[in-house]
Amino acid sequence: AAEEIGMSESLALEIKNSYPDTPDDRFATFIRTAHRLGLDIQARQIYMIARKSGQQTKWSIEASIDGFRVIADRTGHYS
């Protein structure tokens, strides 16, 4: 997934180390989503969050307030 979006393998590995328990397919979805939305993972504009439900872990992708501000700024109506 990293190569698909022009991300170096070393950067992808650095980011993956921040989310050590993330399955590879979920991580690939995460970096593709960040790229598609134009949000910077390292600037903490978007996160992967693990939520436990019994024995199961569910991963969700969430934008931070800074991520929402970036998106809003692109509209030209954010001030």
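Residues numbered from 1 in each chain as written. Predicted model: local features only at pLDDT ≥ 70, side-chain atom pairs only at ≥ 80, totals over all residues. Heavy atoms only, no water.

1. Section: the overall build of the protein chain
Across its full length, the protein chain holds three helices and two strands. Reading the helices (α) and strands (β) of the protein chain from amino to carboxyl end gives α-α-β-β-α. Along the first, second and third principal axes, the C-alpha set of the protein chain runs to 45 × 30 × 15 Å. Relative to its full complement of 79 residues, the protein chain shows a buried share of 27%. Nonlocal contacts in the protein chain, meaning residues at least 24 apart in sequence, comprise 36% of its contacts between residues at least 6 apart. In the form shown here, the protein chain has an accessible surface area of approximately 5500 Å², with 49% of it arising from carbon and sulfur atoms. Placing the 10 positive and 11 negative side-chain charges of the protein chain at their respective mean positions leaves the two points 8 Å apart. (Helix = DSSP H or I, 4+ residues; strand = E, 2+ residues; numbered from the N terminus. Buried < 20%, exposed > 50% of the residue type's maximum accessible area, 1.4 Å probe, protein only. Contact = heavy atoms within 4.5 Å. Areas by Shrake-Rupley, 256 points an atom, 1.4 Å probe, with all protein chains shown as cover. Lys, Arg positive; Asp, Glu negative; His and termini not counted. Charge placed at Lys NZ, Arg CZ, Asp CG, Glu CD.)

2. Let's talk about a nonpolar patch on the surface
The grouping of Ile65, Phe68 and Ile71 at the surface amounts to a nonpolar patch, some 280 Å² of accessible area in total. Along the chain, the position of Ile71 falls in helix 3 (residues 65-75). For Ile71, a relative accessible area of 31% puts it in the partly exposed group. (Patch = residues over 30% accessible without salt bridge, like charges linked within 9 Å, V, L, I, M, F, W, Y side chains within 5 Å. Salt bridge = Lys/Arg side-chain N within 4 Å of Asp/Glu carboxyl O.)

3. Side note on the confidence of the model for the protein chain
Confidence along the protein chain averages 91 in pLDDT terms, with 100% of residues attaining 70 or more. Element-level mean pLDDT values for the protein chain span from 90 in helix 1 (residues 9-18) up to 95 in helix 3. (pLDDT = per-residue confidence, 0-100.)

4. Quick notes on the pattern of salt bridges
What the rule picks out here adds up to three salt bridges. Between Asp24 and Lys16 there is a salt bridge, with the nearest N and O atoms lying 3.6 Å from each other. We classify Lys16 as buried; its relative accessible area is 15%. Note that Arg51 is salt-bridged to Glu62, the shortest N-O span being 2.9 Å. Residue Arg51 is found in strand 1 (residues 46-53), and its partner Glu62 is found in strand 2 (residues 56-63); the two are separated by eleven residues along the sequence.

5. So, the pairing of strand 2
The sheet contact formed by strand 1 and strand 2 spans eight bridges and is antiparallel. By the bridge assignment, Ser53 is partnered in strand 2 with Gln56. Count of turn residues in the strand 1/strand 2 antiparallel hairpin: two residues, of which Gly54 carries a positive phi of about 65 degrees. (Pairing = 2+ DSSP bridges.)

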